[in-house]
Amino acid sequence: GTIPVAGGTIRVADGRASGVGELTADRITTGLAPRDWHLRSSHYLHTAKHPRIRVSVDNAPVGAASIPCTAVVRGVSCITAFEIGAVEYTRGVLRVDGRLLLDRTPFPMLSPIAGVSRLVHLDLSIRATRQPNG
């Protein structure tokens, strides 16, 4: 499925990168309406109370293949690795593609049952443009 981006910022300076982004958990789509409803319910993402998922990176070295990343789901934060797949800067657009493997055990959700994994694979495709203020 997909989770649309609500917004975010990236700052790169002195060979280090920091950034934060928010995903609209209340708009998650998997192509199956009953599953989408269940993911949004209090059993999983509880989007009525927590409509956003926050992902942040703080002071990570530019060029690293893996950097620590904090994910906040349902108001609970967890640190995981953001595996960088590709970085490109072309025509004023920074593109970063990577993957998070998130263990949902720390988050207050229905425990893994009936084929539902405790691991969530998130492929992230970030596109950023430079803002006039720097």
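Residues numbered from 1 in each chain as written. Predicted model: local features only at pLDDT ≥ 70, side-chain atom pairs only at ≥ 80, totals over all residues. Heavy atoms only, no water.

## Some points on the overall build of the protein
Formally: Numbering of helices and strands starts at the N terminus; helices are DSSP runs of H or I of at least 4 residues and strands are runs of E of at least 2. To sort residues, take the accessible area from a 1.4 Å probe on protein chains only and compare it with the maximum for the residue type: under 20% means buried, over 50% means exposed, and anything in between is partly exposed. In this description, contact between two residues means that some pair of their heavy atoms is separated by no more than 4.5 Å. What sets the accessible areas is the Shrake-Rupley method with a 1.4 Å probe; for residues, cover comes only from the shown protein chains. Counted charges follow a simple rule, with Lys and Arg positive, Asp and Glu negative, and His plus the chain ends left uncounted. Charged groups are reduced to one reference atom each: NZ for lysine, CZ for arginine, CG for aspartic acid, CD for glutamic acid.
Along the backbone of the protein there are 1 helix and 7 strands. Going from N to C terminus, the protein has its helices and strands arranged as β-β-α-β-β-β-β-β. Its C-alpha atoms give the protein principal-axis dimensions of about 45 × 25 × 25 Å. Counting every position in the protein, which comprises 134 residues, the buried fraction comes to 25%. Intrachain contacts of the protein at a sequence separation of at least 6 include 45% that bridge at least 24 residues. Roughly 8500 Å² of accessible area belongs to the protein as shown, and the carbon and sulfur atoms make up 56% of that amount. Across the protein, the centroid of the 16 positively charged side chains sits 4 Å from that of the 10 negatively charged ones.

## Describing the pattern of salt bridges
Applied cut-off: One side-chain nitrogen of Lys or Arg within 4 Å of one carboxyl oxygen of Asp or Glu is enough to make a salt bridge.
Tallied over the entire structure, the rule returns 7 salt bridges. Across the pair D97 and R127 runs a salt bridge whose closest N-O atoms are separated by 3.2 Å. Pair noted here: D97 is in strand β6 (residues 93-103) and R127 is in strand β7 (residues 119-129), with a separation of 30 residues, a long-range link. What makes R127 partly exposed here is its relative accessible area of 47%.

## Some thoughts on the sheet that holds strand β5 (residues 76-90)
Counted only if it meets this: Two strands qualify as a pair provided DSSP detects at least 2 bridges between them. Each axis is a line fitted through C-alpha atoms, taken for helices only over the stretch in contact, and angles between the N-to-C directions span 0 to 180 degrees.
Pairing is antiparallel across the open sheet formed by 7 strands, whose spatial order is β1-β2-β3-β4-β5-β6-β7. Pairing within the sheet leaves two strands with one partner each, and these edge strands are β1 (5-13) and β7. Between one strand axis and the next, the sheet turns through 20° on average, direction left out of account. Pairing geometry for β5 and β6, over 8 bridges, is antiparallel. Opposite I84, over in β6, you have G98 as the bridge partner.

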